[in-house]
Amino acid sequence: MNDDKDLFFSRNEIQKMSKKFPTPFHIYDEKGIRQNARRLFRAFDWVKGFKNYFAVKACPNPYIMKLLKEEGCGADCSSLPELMLSERIGLPGSEIMFTSNDTPAAEFKKAFDLGAIINLDDITMIPFLEENAGIPELISFRYNPGPLRRTADVNVIGNPEESKYGLTREQLFQAYKTMKTKGSKRFGLHTMIVSNELNRNALLETANMLFDLISDLSAKLKIHFEFVNLGGGIGIPYRPEQKAVDLEALGRSIRSAYTEKIENRGLAPLKIFMENGRVMTGPFGYLVTKAIHEKHIYKEYIGVDACMANLMRPGMYKAYHHITVLGKEKEKKDHKYDIVGSLCENNDKFAIDRMLPKIEMGDFLAIHNAGAHGHAMGFNYNGKLRSAELLKRGDGTIEMIRRAETPQDYFTTLDFKGSAFKDMSS
Ligand SMILES: *Cc1c(COP(=O)(O)O)cnc(C)c1O
């Protein structure tokens with residue numbers, strides 16, 4: 001989806017759209033999201049009950065969640081508002097996974113009341129959950145393999161040993177035993193140790209690791225596991241030279257591991273769950289912005305009307321996001337620019353030393369792969385306001401699925417009637 005040719009809109013369409021919906025805005029492609037979701041489900045249709053619980057944090061918009069729900073996705077939540085969103089779009093508890101850490105009591109209570117699948121991040125969460133909500137019939141734990149998963153040839157982003165999440169292997173044996181004693185009857189196992197992973201073998205290795213662990217836990221504790229949740233983390237090709245994960249091939253390789261380690265050991269049926277966010281919406285969303293200033297100092301700068309508050313990844317992680325100058329897809333990329341926003345932070349740059357066609361003021365720039373962790377990571381620092389979100393429907397119509405924030409929204413939580421303003425209130 002990095003290629004300039006892959007856009008689902010043209011310069012003319014954006015020009016027209018911008019009269020009604022001023023830039024900057026995020027725009028998503030319903031068709032792309034649906035087709036991709038269907039591909040993922042088809043790749044795992046050999047296992048009964050496969051489900052992707054969409055990681056809500058990637059794109060917490062009810063329209064997007066709703067169409068993913070229509071494609072069979074549940075929701076993976078880690079906060080009270082995310083649980084409420086899932087409830088509001090009509091997901092039943094069984095289709096909500098609550099994978100949270102450092103969890104406040106009220107959130108456990110809400111998840112418990114919704115009947116969501118609770119996935120505990122630590123062994124000390126057992127008494128905490130019991131005290132604040134109750135003991136659910138179905139319980140899951142998040143595994144952190146720590147040093148056991150430091151294989152040399154696998155590019156795991158973030159070393160599990162340094163990660164705050166999950167239980168150790170030894171703790172898991174104790175944790176399930178405790179839950180069994182306390183009355184839980186159904187069990188699941190979860191991990192989430194990779195992020196933006198494009199290497200299919202790393203994803204397969206996670207499945208292998210969990211299948212073996214389920215085999216050990218089942219034998220030792222005499223419990224049956226109902227599901228394994230392989231986590232999210234399937235990567236997307238942000239850079240033009242990168243390749244998307246072959247979902248069909250991933251499905252096939254996990255299938256043979258499943259046959260060997262689950263079916264042949266008599267541990268079936270075991271449902272496979274995932275909780276991908278990025279791969280579900282990332283490639284199908286763009287941040288569209290307009291060039292409004294140019295500046296020639298020690299470098300060449302193009303100032304656009306979006307800023308880091310609309311897409312934080314380049315500034316926060318130095319992440320690459322491909323940029324297309326609309327209408328100039330075929331022109332030579334013979335100009336070197338820093339594409340910047342207006343935030344008073346020098347890391348507010350969508351691209352550094354990027355070769356692009358000559359940009360004129362008023363040109364529209366489409367920043368690719370902004371459909372996950374894009375609008376979602378927005379913030380109000382520096383008085384910046386979040387943009388609108390648009391959805392291109394299957395029939396080609398454009399629908400606004402979230403309006404842009406206004407200064408009034410920014411002022412909503414402020415108090416101009418309190419003690420500090422007594423002298424101004426006559
Ligand atoms: C962020 C997150 C996900 C989704 O990760 P992606 O990289 O977007 O697929 C899934 N599960 C948990 C627990 C997460 O924190």
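The structure displayed is predicted, hence computed values, not measured ones. For every chain, the first residue of the written sequence is number 1, and numbering continues from 1 along that sequence. Per-residue local features of the predicted model are confined to residues with pLDDT of at least 70, and side-chain atom pairs are confined, for both listing and counting, to 80 or more; whole-chain, interface and lining totals are unaffected and use all residues. In computing side-chain values, all of the structure's heavy atoms are included and hydrogens and water are not.

## A short note on the domain arrangement of the protein
- Annotation of the protein at the domain level lists domain 1 (30–281) and domain 2 (283–411).
- Here, residues are in contact when the closest pair of their heavy atoms is within 4.5 Å. Domain 1 puts 22 residues into the contact, and the matching count from domain 2 is 21 residues.
- Buried area: the accessible surface (1.4 Å probe) lost by two parts on joining, summed over both. For the pair domain 1 and domain 2, the two sides together bury roughly 1,900 Å², of which 57% comes from carbon and sulfur.
- It is Glu30, Tyr63 and Tyr238 in domain 1 that bury the most area against domain 2; as a group they hold 32% of the surface buried on that side.
- Basic side-chain nitrogens of Lys or Arg form a salt bridge, by our definition, when they fall within 4 Å of a carboxyl oxygen of Asp or Glu. The interface formed by domain 1 and domain 2 contains one salt bridge.
- The salt bridge involving Arg393 is made with Glu30; its shortest N-O contact spans 3.4 Å.
- Residues adjacent in sequence count toward polar contacts only when both atoms are side-chain atoms; beyond that, a polar contact is any pair of N or O atoms within 3.5 Å, and within protein one must be able to donate a hydrogen and the other to accept it. Counting across the interface, domain 1 meets domain 2 through nine residue pairs in polar contact (both at pLDDT 80 or more).
- Secondary structure elements follow DSSP: runs of H or I no shorter than four residues count as helices, runs of E no shorter than two count as strands, and numbering proceeds from the N terminus. Within the residue set of the side of domain 1 that touches domain 2, elements represented by two or more residues are α2 (30–43), α3 (62–70) and α10 (278–281). Those domain boundaries reflect an automatic or database domain assignment.

## A word on the sheet that holds strand β7 (residues 186–191)
- The sheet built from eight strands closes into a barrel, its strands ordered β2-β3-β4-β5-β6-β7-β8-β9 with parallel pairing. When the angles between neighbouring strand axes are averaged without regard to direction, this sheet yields 25°.
- Pairing of strand β6 (residues 138–143) with β7, which is carried by six bridges, proceeds in the parallel orientation. Residue Tyr143 lies in a different strand from β7, and its bridge partner there is Thr191.
- Orientation is described by axes fitted as lines to C-alpha atoms, over the contacting stretch for helices, and by angles from 0 to 180 degrees between their N-to-C directions. Contacts from helix α4 (residues 80–88) reach β3 (74–77) and β4 (96–99) within the one sheet, and its direction differs from that of β3 by about 165°. Here, any two strands with at least 2 DSSP bridges between them count as paired.

## Looking at unusual backbone geometry
- Here the amide bond leading from Thr23 into Pro24 is cis, since omega sits at 0°, within 30 degrees of zero.
- Mapping Pro24 onto the fold places it in the loop between α1 (11–20) and β1 (25–29).
- The step from Ala268 to Pro269 runs through a cis peptide bond, and the omega angle for that step is 0°.
- Residue placement: Pro269 occurs in the loop between α9 (247–263) and β9 (271–274).
- Located in the positive-phi region is Asn369, a residue other than glycine, with phi close to 55°.
- Among the structural elements, Asn369 can be located in the loop between β15 (364–367) and β16 (388–392).
- Not every positive phi belongs to a glycine, and Asn382 is a case in point at roughly 70°.

## What about the nonpolar core?
- Judged by nonpolar contacts, the single largest core of 82 residues is most densely connected at Phe44, Phe141, Tyr176, Leu189, Phe211, Ile254 and Ile272.
- Among the domains, domain 1 (30–281) and domain 2 (283–411) are the pair contributing at least three residues each to this core.
- Leaving out residues up to four positions away in the same chain, Phe141 has contacts with Asn119, Leu120, Ile126, Leu167, Leu172, Ala175, Tyr176, Met179, Gly188, Leu189 and His190.
- We call a set of buried Ala, Val, Leu, Ile, Met, Phe, Trp, Tyr and Cys residues a nonpolar core when their side-chain atoms join them within 4.5 Å. Note on exposure labels: buried denotes an accessible area under 20% of the residue type's maximum, exposed denotes more than 50%, and partly exposed covers the range between, all computed with a 1.4 Å probe on protein chains only. One finds Leu287, Ala291, Leu311 and Ile339 within the second-largest nonpolar core, a separate group that totals 17 residues.

## Observations concerning α1
- Taken together, the buried positions of α1 are Ile14, Met17 and Ser18. Buried residues in α1, looked at end-on, bunch into an arc of 105°, giving them a common side. For α1, exposure combined with an orientation more than 90 degrees from the buried face picks out Asn12, Lys16, Lys19 and Lys20. The directions considered for the arc are those from the helix axis to the C-beta atoms.

## Side note on the pattern of salt bridges
- By the definition in use, this model includes 27 salt bridges.
- Residues Asp363 and Lys328 are paired through a salt bridge, measuring 2.7 Å at the closest nitrogen-oxygen approach. You can see Asp363 sitting in the loop between β14 (349–356) and β15 and its partner Lys328 sitting in the loop between β12 (323–325) and β13 (335–340), a full 35 residues away along the chain. The two residues Asp363 and Lys328 agree in class, both being buried.
- Within this structure, Glu30, Arg34, Arg38, Glu70, Glu71, Arg393 and Glu399 form a network of salt bridges that share partners.

## Observations concerning the state of the cysteines
- By definition, disulfides here are pairs of cysteine sulfur atoms that lie within 2.5 Å. Per the stated rule, a full pass over the model turns up zero disulfides.
- For Cys73, which is in no disulfide, the shortest distance to another cysteine sulfur is to Cys59 and amounts to 12 Å.
- With relative accessibility at 1%, the residue Cys73 sits in the buried group.

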